[in-house]
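Overview (structure and organization)
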Amino acid sequence: MDTPDNLFNDSLEYVHHELQRLQTIAGTLSAVETRHFQDLTNFGDDRLNQIAIEEQNAARQLGEVKQICLSLAQRVEELKNGMQQ
């Protein structure tokens, strides 16, 4: 039978795993957006440059999401370790 501590630990494990997954997704998308920015700015077209700036902003925001996920995953890991002690 699952105890409340086991259920809580399992929930923390799940949250930790999903945060790591989100971190990976955000990092991948950020890298793609950065590459798009670089590609679009090489064309020298004003409209494409505007799109490139939007891509750059998206890359920054995704980078922030990645960092938030990393921080939250570390905090969840600390909670799990505290429960095990």
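None of the values given here were measured: they were computed from a predicted structure.

1. Points about the overall build of the chain
Scanning the chain from N- to C-terminus turns up two helices and zero strands. What you see for the chain is a C-alpha radius of gyration of 19 Å, clearly larger than the 12 Å of a compact globule of 85 residues, by over 25%. Counting only C-alpha atoms and orienting by the principal axes, one finds that the chain spans roughly 65 × 20 × 15 Å. In the chain, the share of contacts with a sequence separation of at least 24, taken over all contacts with a separation of at least 6, comes to 72%. Of the roughly 6,200 Å² of accessible surface on the chain, a fraction of 53% belongs to carbon and sulfur atoms. Charge centroids of the chain, computed over 7 positive and 14 negative side chains, lie 3 Å from each other.

2. A word on the environment of Ala-31
Here Ala-31 lies in helix H1 (residues 4-41). The sequence separation of Ala-31 and Glu-77 amounts to 46 residues, and the corresponding C-alpha distance is 26 Å.

3. Quick word on the nonpolar core
With five residues, the main nonpolar core is built from Leu-12, Leu-19, Cys-69, Ala-73 and Val-76. Where this core is concerned, the elements lending two or more residues are H1 and helix H2 (46-84). At three residues, H2 tops the list of elements feeding residues into this core. Those residues in contact with Leu-12 that sit more than four places away from it in its chain are Val-76, Leu-79 and Lys-80.

Here is what the cut-offs are and how they apply
Residues numbered from 1 in each chain as written. Predicted model: local features only at pLDDT ≥ 70, side-chain atom pairs only at ≥ 80, totals over all residues. Heavy atoms only, no water. Helix = DSSP H or I, 4+ residues; strand = E, 2+ residues; numbered from the N terminus. Rg over C-alpha atoms; globule rule 2.2 N^0.38 Å. Contact = heavy atoms within 4.5 Å. Areas by Shrake-Rupley, 256 points an atom, 1.4 Å probe, with all protein chains shown as cover. Lys, Arg positive; Asp, Glu negative; His and termini not counted. Charge placed at Lys NZ, Arg CZ, Asp CG, Glu CD. Core = buried A, V, L, I, M, F, W, Y, C linked by side-chain atoms within 4.5 Å. Buried < 20%, exposed > 50% of the residue type's maximum accessible area, 1.4 Å probe, protein only.

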